[in-house]
Amino acid sequence: MADIKTIDDANFAGQRVLVRVDFNAPVNDEGVVTDDTRIRAALPTIEKLIGDGARVILVSHRGRPAGTGFEEAFSLGPVARRLQELLGRDIVLARALVGPDAREVVDAMGDGDVVLLENIRFDAREKKNDPAFAHELADLADAYVNDAFGTAHRAHASTAGVAEFLPSYAGYLMEREVATLTGMLDKPKRPFVAILGGSKVSDKIKVIDALLDKADTLIIGGGMCFTFLLAQGKSVGTSLKEEDWVERAAAMIEKARERGVSLLLPVDVVAADAFANDARTAIVSVDDMPADMMGLDIGPETAELYAEAIAMAKSVFWNGPMGVFEMPAFEAGTKRVAEAVAANEAADTIIGGGDSVAAVNQFDLADQMTFISTGGGASMELVQGEALPGVEALK
Ligand code: ADP
Ligand code: MG
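Keep in mind that this is a model prediction, so the values were computed, not measured.

What follows is about the UniProt feature "binding site: substrate" (unreviewed entry) in the protein chain. UniProt annotation of "binding site: substrate" (unreviewed entry) refers to Asp22, Phe23, Asn24, Arg38, His61, Arg62, Gly63, Arg64, Arg121 and Arg154 when read in the numbering used here. Lining the largest cavity, from the residues named above, are Asp22 and Arg38. For Asp22, the position within the fold is in the loop between strand E1 (16-20) and helix H1 (37-41). Discounting residues that sit within four places of it in the chain, Asp22 has contacts with Arg38, Ser60, His61, Ala148, Gly150 and Thr151. For Asp22, the side chain forms a polar contact with the main-chain nitrogen of Asn24, separated by 3.1 Å. Along the chain, Gly63 falls in the loop between strand E2 (55-59) and helix H3 (77-87).

To continue, consider empty space enclosed by the protein. Under the criterion given, the structure shown has one cavity of 30 Å³ or more. In this structure, the largest cavity is lined by Asp22, Arg38, Ala41, Ala42, Asp147, Phe149, Gly150, Leu173 and Thr374. Here the lining of the largest cavity is built from residues that sort into four nonpolar, two polar and three charged.

Pairing in this open sheet of six strands is parallel, and the strands run E9-E8-E7-E13-E14-E15 from one edge to the other. Edge positions in the sheet fall to strand E9 (262-264) and strand E15 (371-372), since each has one partner strand and no second. The pairing of strand E13 (residues 315-319) with strand E14 (residues 348-351) spans four bridges and is classified as parallel. Bridge pairing in E14 links Val316 to Thr349.

Lining the immediate surroundings of ligand 1 are 18 residues, of which Lys204, Gly295, Glu326, Asp355 and Ser356 lie closest. A distance of 3.0 Å separates a nitrogen atom of ligand 1 from a polar backbone atom of Gly295. In isolation ligand 1 exposes 580 Å². Once the protein is present, 84% of that is buried. Mapped by element, the contributors of at least two residues to the shell around ligand 1 are strand E12 (294-298) and helix H12 (354-362).

This part is about the sheet that holds E1. Strand order across the open sheet formed by six strands is E3-E4-E2-E1-E5-E6, with parallel pairing between neighbours. In this open sheet, the two edge strands, each paired with only one partner strand, are strand E3 (91-94) and strand E6 (168-170). Within this sheet the neighbouring strands show an average axis-to-axis angle of 25 degrees, counted without direction. As defined by bridge partners, E2 adjoins strand E4 (residues 114-117) across three bridges and the pair is classed as parallel. Paired with Val56 across the strands is Val114, a residue of E4.

Definitions and cut-offs
Residues numbered from 1 in each chain as written. Chains lettered and ligands numbered in written order. Predicted model: local features only at pLDDT ≥ 70, side-chain atom pairs only at ≥ 80, totals over all residues. Heavy atoms only, no water. UniProt positions renumbered as here; feature names shortened; annotations may be inferred. 1 Å grid on protein atoms, 1.4 Å probe; cavity = no way out; pocket = protein on both sides within 12 Å on 5 of 7 lines; lining within 4 Å. Helix = DSSP H or I, 4+ residues; strand = E, 2+ residues; numbered from the N terminus. Contact = heavy atoms within 4.5 Å. Polar contact = N/O pair within 3.5 Å; in protein donor to acceptor, adjacent residues only side chain to side chain. Points joined across faces, edges and corners; volume = space filled by probe spheres on them. Nonpolar A, V, L, I, M, F, W, Y, C, P; charged D, E, K, R; others polar. Pairing = 2+ DSSP bridges. Near = heavy atom within 4 Å. Areas by Shrake-Rupley, 256 points an atom, 1.4 Å probe, with all protein chains shown as cover. Axes fitted to C-alpha atoms, helices over the stretch in contact; angles between N-to-C directions.

Here it is in structure tokens:
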């Protein structure tokens, strides 16, 4: 991040600072935030700015509103209430995003005050990265801070466009996410074991490709393993499979061989006669997959093989669960892998991806990992070696 200024490079006393955060938190029917991880992740940046005596103007999106103005269902009201509790100070939620009404709210701020603008996606110009809208946002402030790593892969008005008009800085979360992920990818401690799972090969092919250039061992689980097993000429029954991607999977197996990367695929799976927690199940070898059953988890022998490889690692990057961990009947493989990652205290361990993070939380192992990325899509794009517009804009 040598070419990017961070909030430690300035004192923001008396300045109006527009801070893009990722407060895209889940909210229940009672209007209560059910997981405040993303809000808490932004606190160090907000607290530093308050400590400086800045006037903090927070900007975030939540969900996918139509972009035609205020919608109660996507309001940041629940987030404002939770933030108020976490910060222990009043938060003003501003209905107007830009223009004279927003200006009035900002003009009334004192040093150390915090205003949260309503869901920035209530205005369709946000996602279009409309320069006039970005300019209007910039007019509210003297400086811009981007701490929304989770949206850094999007070039929107509040994540990229606004940086053209103001002195711009990375917040602590943004800085730590980028530094941690690029640090592991550029100079991994070896052996570097990458674990990939989740549902589809097609979603992750670029990640697989990129990790084959960096890792010493690549472990494959989850729904995507069946496309690889097909590429090895095995039958996979009614498992999730992407016939159009078998050739690419075969190319990845070949690439691993050429580069001397140890590619681990399941040797057994938990097969089920239906996609249901109460399905009839059997543990079967990948050579004997019944035609009318689907694999919903890696089997116990596979889980042990994977755990052994993970125990040898000095760095681990994990994205994507090993099975349908949301159903207790198919969580064991993901749990065994999570435990193995958690138990390896000698390794740097990074978890990225919404469902993988949810799984690690479900097993109560999050605090035993070195780093849990808050940005699923953004962390994947970074691993793929793609530039993030939200980061580029800060340069
Ligand atoms: P992440 O969010 O961590 O990047 P993905 O979104 O790629 O992960 O994949 C997560 C989903 O993959 C989970 O909902 C899980 O149930 C599903 N999944 C894992 N294994 C299988 C499988 N064998 N068959 C079908 N779905 C699976
Ligand atoms: Mg997911």
